[in-house]
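Residue-level structure breakdown
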Amino acid sequence: MALKFPSVDFFRELARRMNADRATFEKLGFCDAVMGVRVLGKAPHLYALTFEVYDCTEVRELGDASEAELDFTLQAPAELWREMLESIRQHGQPAPQYTLNSLSHIGDRMQVVYEDPEGHDKLYRFMATIQAYFDNARDLEIEWA
Amino acid sequence: MSYYGTNDYSYNSDFALRVRDMKKGNLDLGWLDQARERFEVRPRDPRRGLEVSDCEVGPYAIDAMPEVIRDNRGITPRGAILPVSYQPDLGPTLNRKTDVWAYRVQRYWEEAVSRQWNVSTDVPWQDLAKYDIPLELEIAFCQLCTLLSEVEMIATDLPAKWSHHMNSYFQEVKGFISSQCLDEARHSEVFRKRALANGVGLLKASVRSEHALKGILEADSYSEGSVFLHVLGEGFILTLFRSSEFISPTPVEQRMFQLVMQDEARHVSYGLQHLKYLMDNAPEHRAQINLFLDEAEKLLTGLFNSEQLEAMIVLGGKGTKPENIRRGVEAVGAFQGKQILEYFQRCERAGLPERRDRSPLLELQHQMIAALQAAQA
Ligand SMILES: [Fe+2]
């Protein structure tokens, strides 16, 4: 069954896959961060993903960033999120220009929004875990909103 | 042998007599009376196990220590009963908490231990054979690996050099910087292995870079060494790693940079939080740190040497044809500008916003912008 992107169900499915794959995520180590995902477009959405220890423990949609204590938010237009997810689906992992690191660094196509610098650092300290969470979309059937 | 001790313990006759007594079962057991106040220590979060911060109780907590440690001159663990007399003086020179401490250092230590990885098995080396990398790109990449392997050696040596100067009561900092030694040794290893893995091998070492690196190792105080290594040097290298994932010839290097980048970011976080702790609690050091950085930032420009720059341009533009080089110059210019910008942001966060106005890097930034504009014209 296809999952709609963006949607709470989509991110919950990635969380379910993460929590089921102990071997990968225990190997990557502790990851403690609350991450915002903002999808810009005609109908913008903001999601809060809570990572604790080896799991993604909570996924919820926010009306406003102030509704959660976000360490950092990755913000990009819906088309760019789609290109990134398509790249993951095509190769099993993103092409170098579509990793979260490259997107938020080279040409700043994806913005990193943060208030607390310590929160911002977490994006880099936990990058492999966060990327692996998104790479769980590799064989997901996605219905684009 | 340079230390003979004040006693020859092998001929201490009192002790020899006591041992004979003990063997007959005559124990003194006086030390049992030293039983101490008990504290409940258990994992606050069982998923994490028993963490360093769970052990911050009573006399064992860092907060129970005075700002300056005067009584422990040896290697007594924090909270243990200090020997009343004859403790050898191991000469710790970093005895004030602000000399070494960083906000959240306990968390960084746990994170470091939990996020270790293995160069031999966590990088998919076997996949290299699947890709046909043009020779000039492979050579450029090996030149970059040579510099990085060199840089990482100093990053291993700096924390190792300072650990035994730290008072043993600052165990969390000693633990964290030990984890950094291992991280950096692993980084040196991964770049060495990558240079060798496709047959080209290590290329030209850099005299300019080694002078810059000597400046880190020879810093007069731990805080100066830390601000140079963790905030300035590793900050620049972190931006370079972030860019290198993008210019990786294959997913093998992509993985390699993703893993080193996480370690590097942790070291930068520690350095930032140490600098911030120092500025918040011992602001009298501000002038000295600024003077030091005036020189350190000049030295750092030694990290930009022509082989490394050209290699990055070739990798960034994916070749040596004029259009590749033009693209490469643009990519490298953008990332170097970002290195300087991010460094100023970090200084600001740590409480040194004045770097933005007095840094010798500003001149370099202007030169780079001008060069970039010329290349684009
Ligand atoms: Fe490193």
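Presented here is a report on the structure given in the accompanying data block. Note that the structure is predicted; figures quoted are calculated from it, not measured.

1. Considerations on the overall build of chain B
Scanning chain B from N- to C-terminus turns up 14 helices and zero strands. Put simply, chain B runs from its N terminus to its C terminus through helices and strands in the order α-α-α-α-α-α-α-α-α-α-α-α-α-α. The proportion of buried residues among the 377 residues of chain B is 51%. Relative to all contacts within chain B whose residues are 6 or more apart in sequence, the contacts with residues 24 or more apart total 77%. Surface accessibility of chain B: about 18100 Å² in total, with carbon and sulfur atoms responsible for 56%. Chain B carries 44 positive and 53 negative side-chain charges, and their two centres are separated by 3 Å.

2. Let's talk about the coordination of the iron ion
As a benchmark, a tetrahedral metal site with four donors has ideal angles of 109.5 degrees, while an octahedral site with six donors has ideal angles of 90 or 180 degrees. All names here are of chain B. Note on the iron ion: its protein donors are Glu152 (OE), Glu184 (OE), His187 (ND1) and Glu264 (OE). The metal-donor distances range over 2.0 to 2.4 Å. What the four donor atoms of the iron ion show is an angle range of 77 to 154° at the metal, which sorts the shape as irregular. Counting the intervening residues between successive donors of the iron ion yields the motif E-x31-E-x2-H-x76-E. Residue His187 is found in helix H6 (residues 171-197), and its partner Glu264 is found in helix H9 (residues 251-281); the two are separated by 77 residues along the sequence. Here His187 and Glu264 have matching classes, each one buried.

3. A closer look at the nonpolar core
The tendency in soluble globular proteins is for nonpolar side chains to be buried side by side. In this structure, Phe10, Phe11, Leu49, Trp81, Met84, Tyr133 and Phe134 of chain A are the most contacted members of the largest nonpolar core, which totals 135 residues. At 14 residues, H9 of chain B tops the list of elements feeding residues into this core. For Phe134 of chain A, the contacting residues outside a window of four places in its chain are Phe11, Leu14, Met35, Val37, Leu49, Trp81, Met84, Ile88 and Leu100 of chain A. Grouped together as the second largest cluster of nonpolar side chains are six residues, Val34, Ala48, Leu62 and Ala68 of chain A included.

4. Quick notes on the layout of surface pockets
Of the volumes computed, that of the largest pocket is approximately 680 Å³. At the level of secondary structure, the elements contributing two or more residues to the lining of the largest pocket comprise helix H2 (22-28) and helix H6 (127-135) of chain A together with helix H4 (119-122) and H9 of chain B. Element by element, the count of residues in the lining of the largest pocket is highest for H9 of chain B, at seven residues. Here the residues of the lining of the largest pocket are counted per class, giving eleven nonpolar, eleven polar and nine charged. Computed from the structure, the second largest pocket encloses a volume of approximately 430 Å³. Lining the second largest pocket are 23 residues; nearest its centre among them are Ile106 of chain A together with Phe246, Ile247, Gly316 and Ala331 of chain B. Listing elements by their share of the lining of the second largest pocket, those giving two or more residues are helix H8 (222-246), helix H11 (306-317) and helix H12 (322-350) of chain B. When residues in the lining of the second largest pocket are grouped by element, the largest group, seven residues, is from H12 of chain B. Each residue belonging to the lining of the second largest pocket can be placed in one class, and the counts come to twelve nonpolar, six polar and five charged.

5. What to know about the pattern of salt bridges
Note on pairing: side chains with opposite charge can pair once their charged atoms come close. Scanning the model with the defined rule gives 44 salt bridges over all chains in all. One salt bridge connects Asp139 of chain A with Arg17 of chain A, and the closest N-O pair in it is separated by 2.6 Å. With Asp139 of chain A in the loop between H6 and strand S7 (142-144) and Arg17 of chain A in helix H1 (residues 8-20), this pair connects stretches of sequence that are 122 residues apart. The class of Asp139 of chain A is exposed, set by a relative accessible area of 57%. Close ionic contact of Lys204 of chain B with Glu307 of chain B constitutes a salt bridge, the shortest N to O distance being 2.9 Å. With Lys204 of chain B in the loop between H6 and helix H7 (207-217) and Glu307 of chain B in helix H11, this pair connects stretches of sequence that are 103 residues apart. Taken together, the shared-partner salt bridges connect Asp32 and Glu52 of chain A together with Asp45, Arg47 and Arg48 of chain B into one network.

6. Examining the pairing of strand S3 (residues 45-52) of chain A
Residue and element names in this part refer to chain A. Of all eight residues in S3, six are buried, a share of seventy percent or more. Between the antiparallel neighbours strand S2 (residues 33-40) and S3 lie four residues, among them Gly41 with a positive phi of about 160°. Sheet topology places S3 next to strand S4 (residues 55-62); seven bridges connect them, and they run antiparallel. Bridge pairing in S4 places Phe51 opposite Cys56. Connecting the antiparallel pair S3 and S4 is a turn made up of two residues, with Val53 showing a positive phi of about 55°.

7. Observations concerning the sheet that holds strand S5 (residues 72-77) of chain A
Residue and element names in this part refer to chain A. Strands sit in the order S4-S3-S2-S5-S6 across an open sheet of five strands; the sheet is mixed. Bordering the open sheet on either side are S4 and strand S6 (111-113), each of which pairs with just one other strand. The mean angle between the axes of side-by-side strands here comes to 20°, regardless of whether they run parallel or antiparallel.

8. Observations concerning the interface of chain B and chain A
Contact residues are listed per partner, giving 32 residues for chain B and 35 residues for chain A. Here chain B and chain A share an interface that buries about 2900 Å² over both sides, 46% of which is from carbon and sulfur atoms. Along the contact surface separating chain B from chain A lie five salt bridges. Run the count over chain B and chain A and you get 24 residue pairs in polar contact (both at pLDDT 80 or more). Residue assignment for the side of chain B that touches chain A shows that the elements contributing at least two residues are helix H3 (105-114), H8, H9 and H12 of chain B. In terms of residue count, H9 of chain B provides more of the side of chain B that touches chain A than any other element does, eleven residues in total.

9. Notes on a nonpolar patch on the surface
Residue and element names in this part refer to chain B. A surface patch of nonpolar side chains, about 630 Å² in accessible area, is lined by Phe15, Met22, Leu27, Leu29, Trp31 and Leu32. Within the secondary structure, Leu27 sits in the loop between helix H1 (13-23) and helix H2 (97-100). By relative accessible area, Leu27 is classed as exposed at 51%.

Rules used in this analysis
- Residues numbered from 1 in each chain as written.
- Chains lettered and ligands numbered in written order.
- Predicted model: local features only at pLDDT ≥ 70, side-chain atom pairs only at ≥ 80, totals over all residues.
- Heavy atoms only, no water.
- Helix = DSSP H or I, 4+ residues; strand = E, 2+ residues; numbered from the N terminus.
- Buried < 20%, exposed > 50% of the residue type's maximum accessible area, 1.4 Å probe, protein only.
- Contact = heavy atoms within 4.5 Å.
- Areas by Shrake-Rupley, 256 points an atom, 1.4 Å probe, with all protein chains shown as cover.
- Lys, Arg positive; Asp, Glu negative; His and termini not counted.
- Charge placed at Lys NZ, Arg CZ, Asp CG, Glu CD.
- Donors = N, O, S within 2.8 Å, 3.2 Å for Na, K, Ca; no water.
- Tetrahedral: all angles 85-135°; square planar, octahedral: opposite > 155°, others 65-115°.
- Core = buried A, V, L, I, M, F, W, Y, C linked by side-chain atoms within 4.5 Å.
- 1 Å grid on protein atoms, 1.4 Å probe; cavity = no way out; pocket = protein on both sides within 12 Å on 5 of 7 lines; lining within 4 Å.
- Points joined across faces, edges and corners; volume = space filled by probe spheres on them.
- Nonpolar A, V, L, I, M, F, W, Y, C, P; charged D, E, K, R; others polar.
- Salt bridge = Lys/Arg side-chain N within 4 Å of Asp/Glu carboxyl O.
- Pairing = 2+ DSSP bridges.
- Axes fitted to C-alpha atoms, helices over the stretch in contact; angles between N-to-C directions.
- Buried area = accessible area lost by both parts, 1.4 Å probe.
- Polar contact = N/O pair within 3.5 Å; in protein donor to acceptor, adjacent residues only side chain to side chain.
- Patch = residues over 30% accessible without salt bridge, like charges linked within 9 Å, V, L, I, M, F, W, Y side chains within 5 Å.

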